[in-house]
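Observations on the three-dimensional arrangement
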Amino acid sequence: QVQLVESGGGSVQAGGSLRLSCAASGSTFSITEMGWYRQGPGKQREMVATITDDGSTSYADSVKGRFTISRDNGKNTVYLQMNSLKPEDTAVYHCKVFTWRYGDYWGQGTQVTVSS
């Protein structure tokens, strides 16, 4: 089993920055991919960014050049640095990890609100 604790959400004005963190605990030895997903008002959940255990990253087109995903394997933590935020980035952001032993785990979500 893996437990995830997210932090770092909040409210900012357009153009501002936020940094999200997601700390994993439990059977972290089996974690491979870590990532961030979001669900905006009236929208489906979408992938924002993912990072594999060897550091390969993937981003949604809408956030490329503005968001950066990183991970600290020693701390079992994944980060999402969000710069140049736009009102359309407003969403609940969820951390997700994939484990080869147990499958996917999701965090409880953290609200990000960007005002114009």
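That block above? That's the structure.
Conventions adopted
Residues numbered from 1 in each chain as written. Predicted model: local features only at pLDDT ≥ 70, side-chain atom pairs only at ≥ 80, totals over all residues. Heavy atoms only, no water. Disulfide = S-S within 2.5 Å. Helix = DSSP H or I, 4+ residues; strand = E, 2+ residues; numbered from the N terminus. Buried < 20%, exposed > 50% of the residue type's maximum accessible area, 1.4 Å probe, protein only. Salt bridge = Lys/Arg side-chain N within 4 Å of Asp/Glu carboxyl O. Pairing = 2+ DSSP bridges. Axes fitted to C-alpha atoms, helices over the stretch in contact; angles between N-to-C directions.

Here we look at the state of the cysteines
Enumeration over the complete set of coordinates arrives at one disulfide. Two residues share a disulfide in this structure: C22 and C95, whose sulfurs sit 2.2 Å from each other. Because the torsion about its S-S bond is -75°, the bridge between C22 and C95 counts as left-handed. Placement of C22 in strand 3 (residues 18-26) and of C95 in strand 9 (residues 91-99) is noted, with a sequence separation of 73 residues between them. C95 matches C22 in its accessibility class, with the two residues each being buried.

Remarks on the pattern of salt bridges
The final tally for this structure, using the stated rule, is five salt bridges. With a shortest N-O distance of 3.7 Å, K96 and D104 are connected by a salt bridge. A relative accessible area of 41% places D104 in the partly exposed class. The network of salt bridges with common partners includes R38, E46, R66 and D89.

So, the sheet that holds strand 7 (residues 67-72)
Within a sheet, each strand pairs with its neighbour through backbone hydrogen bonds, oriented either parallel or antiparallel. Taking strand neighbours across the sheet as the criterion, the four strands line up as 1-3-8-7 in an open arrangement whose pairing is antiparallel. The open sheet has two edge strands, strand 1 (2-7) and strand 7, and neither has a second partner. Looking at each pair of strands side by side, their axes are set apart by 15° on average, direction ignored.

Digging into unusual backbone geometry
As a rule of thumb, non-glycine residues mostly have phi less than zero, and peptide bonds are mostly trans rather than cis. With phi around 50°, N76 is a residue other than glycine that occupies positive phi space. By the element assignment, N76 lies in the loop between strand 7 and strand 8 (77-82). Relative accessible area serves as the criterion here: at 25%, N76 is assigned to the partly exposed category. Positioned with a positive phi, S84 is a non-glycine residue whose angle comes to about 50°. On the secondary structure map, S84 appears in the loop between strand 8 and strand 9. Using a relative accessible area of 42% as the deciding quantity, one classes S84 as partly exposed.

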